[in-house]
Amino acid sequence: VDIDALGKAEGKSWVMRGFDCLRPDGRLCLVSLSNGGEDAVEVREFDLDKSAFVPGGFHLPRDKHRVAWEDADHLLLATEWTPGDLTPSGYPYIVKRLVRGMPLASAVEVYRGAKTDGGYGVSTEVLHDGQSNRLIVIERPLDTFRHQTYVVTARGTERLAIPDKASVAGLVAGRVIVKLDEAWPGAGAGFGAGDDG
């Protein structure tokens, strides 16, 4: 994406704030554009093979989005769905599933934090292990340093029984890798801060 040329053509001072490509082929990407470097971004779908934005593709208007590909036709999106759906620090706390070709108003809720949450808003990530296993992770920040971790399952969204200062770091051969920033007594004496388990 030629950001300078795009900004000139559209009369905006675009700054690239992120580039998230759909696995496994990485052809379709979500490009996050910030006007002048502000926190809010506009998100557009880009085709790397054609070096062009996808006509009629995913397009999210300016907001403080947290977005991840679920698959080629679905996004998991945290945003200000209705006026006021933000935490005191101004970040989203509601995650919904958006279907390709459908308006934002049709998105279905997957997870809801609380309006009083701290930190920088609920975030989503979809992990793959190269063996057709996939894990959808949602992090709900309680403050700048602590968060609760949830996974989306066939039964719904469920909280993982890991410490508030731990993060899901990866998915390998169907096993979840957790990085600890505090001890995890429930997992045994061998799991201390700084460990991966």
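Report on the accompanying structure. Throughout, residues of each chain are indexed from 1 in the direction in which the sequence is written. Where local features are concerned, this predicted model is filtered to residues with pLDDT of at least 70; where side-chain atom pairs are given and counted, the filter is 80 or more; whole-chain, interface and lining totals use all residues. Hydrogens and waters are ignored; side-chain quantities use all the structure's heavy atoms.

### Some details on the side chain of Asp63
Next, step 1: Mapped onto the fold, Asp63 is located in strand S5 (residues 59–63).
Next, step 2: Put simply, Asp63 is tucked away with no salt bridge, and the nearest opposite charge, on Arg62, sits 6.4 Å away. Only DSSP runs of H or I reaching four residues or more are called helices, and only runs of E reaching two or more are called strands; each is numbered from the N terminus. Burial classes follow relative accessibility: with a 1.4 Å probe on protein chains only, a residue under 20% of its type's maximum area counts as buried, one over 50% as exposed, and anything between as partly exposed. By the counting scheme adopted, Arg and Lys are positive, Glu and Asp are negative, and His together with the chain ends is not counted. Any carboxyl oxygen of Asp or Glu within 4 Å of a side-chain nitrogen of Lys or Arg constitutes a salt bridge here.

### Some points on the state of the cysteines
Simply put, the disulfide is a covalent bond whose two ends are the sulfur atoms of two cysteines.
Next, step 1: A pair of sulfur atoms, both from cysteines and within 2.5 Å, is called a disulfide here. Evaluation of the coordinates by the stated rule reveals 1 disulfide.
Next, step 2: Two residues share a disulfide in this structure: Cys21 and Cys29, whose sulfurs sit 2.1 Å from each other. Measuring the twist about the S-S bond at about 95°, one finds the Cys21-Cys29 disulfide to be right-handed.
Next, step 3: Residue classification places Cys21 among the partly exposed residues on the basis of a relative accessible area of 25%.

### A closer look at the environment of Val54
Next, step 1: Mapped onto the elements of the fold, Val54 is located in the loop between strand S4 (52–53) and S5.
Next, step 2: Throughout, a residue-residue contact means that at least one pair of heavy atoms, one from each residue, lies within 4.5 Å. Look past the residues within four positions of Val54 in its chain and what remains in contact with it is Leu28, Glu45, Phe46 and Asp47.

### Some details on the environment of Ile136
Next, step 1: Note on placement: Ile136 falls in strand S11 (residues 134–141).
Next, step 2: Exposure remark for Ile136: the relative accessible area of 5% places this residue in the buried category.
Next, step 3: Spatially, the C-alpha atoms of Ile136 and Ala169 are 12 Å apart, while their sequence positions differ by 33 residues.
Next, step 4: Residues within four places of Ile136 in sequence aside, it is in contact with Glu70, Leu76, Glu125, Val126, Tyr150, Val151 and Val152.

### Side note on the packing of aromatic side chains
Next, step 1: Whether two aromatic rings pair depends on their centres lying within 6.5 Å, for rings of Phe, Tyr and Trp, where Trp uses its six-membered ring; planes under 30 degrees apart make the pair stacked, over 60 edge-to-face, and the rest tilted. Under the defined criterion, the tally for this structure stands at 4 aromatic pairs.
Next, step 2: Between Phe58 and Trp69, the aromatic rings sit 5.8 Å apart at their centres with planes inclined by 75°, giving edge-to-face as the arrangement. Highlighted residues: Phe58 in the loop between S4 and S5 and Trp69 in strand S6 (residues 66–71), separated in sequence by 11 residues.
Next, step 3: Each ring, one from Tyr91 and one from Tyr120, has its centre 5.6 Å from the other, and the planes form 80°; the classification is edge-to-face. Here Tyr91, found in the loop between strand S7 (74–78) and strand S8 (94–99), pairs with Tyr120, found in the loop between strand S9 (108–112) and strand S10 (123–128); they are 29 residues apart in sequence, far enough to count as distant.
Next, step 4: Our definition puts a charge over a ring when NZ of Lys or CZ of Arg is within 6 Å of the ring centre and also within 35 degrees of the ring normal. Across from the ring centre of Phe53, 5.3 Å away, lies the NZ or CZ of Arg44, which sits over that ring.
Next, step 5: Geometry around Tyr91 places Lys64 over its ring, the cationic atom sitting 4.6 Å from the centre.

### A few points about helix H1 (residues 3–10)
Next, step 1: Those residues of H1 that sit buried are Ile3, Leu6 and Gly7. All buried residues of H1 fall inside an arc of 100° around its axis, so they share one side. Across from the buried face of H1, at angles greater than 90 degrees, the exposed residues are Asp4, Lys8 and Ala9.
Next, step 2: Each element contacted by the buried residues of H1 is listed here: strand S1 (14–21), strand S2 (28–35), strand S3 (41–47) and S4.
Next, step 3: Phi turns positive, to about 70°, at Gly11, one or two residues after H1. By construction, the arc corresponds to the directions joining the helix axis to the C-beta atoms.

### Observations regarding the pairing of S3
The two faces of the sheet receive side chains in turn, since in a regular strand these alternate between them.
Next, step 1: Most of S3 sits inside the fold, with 7 of its 7 residues counted as buried.
Next, step 2: Neither face of S3 is left uncovered, since the one carrying Val41, Val43, Glu45 and Asp47 and the one carrying Glu42, Arg44 and Phe46 both have all their residues buried.
Next, step 3: A pair of strands is treated as paired once DSSP finds two or more bridges between them. Note that S2 and S3 share 6 bridges and pair antiparallel. Within the sheet, the bridge partner assigned to Leu30 lies in S3 and is Glu45.
Next, step 4: Taking the residues between adjacent antiparallel strands as the criterion, S2 and S3 are bridged by 5 residues, where Gly36 takes a positive phi near 80°.
Next, step 5: Bridge analysis of S3 against S5 gives 3 bridges, and the strand direction is antiparallel. Opposite Val43, over in S5, you have Leu60 as the bridge partner.
Next, step 6: Of the strand pairs in this sheet, S3 and S4 are connected by 2 bridges, and their pairing is antiparallel.

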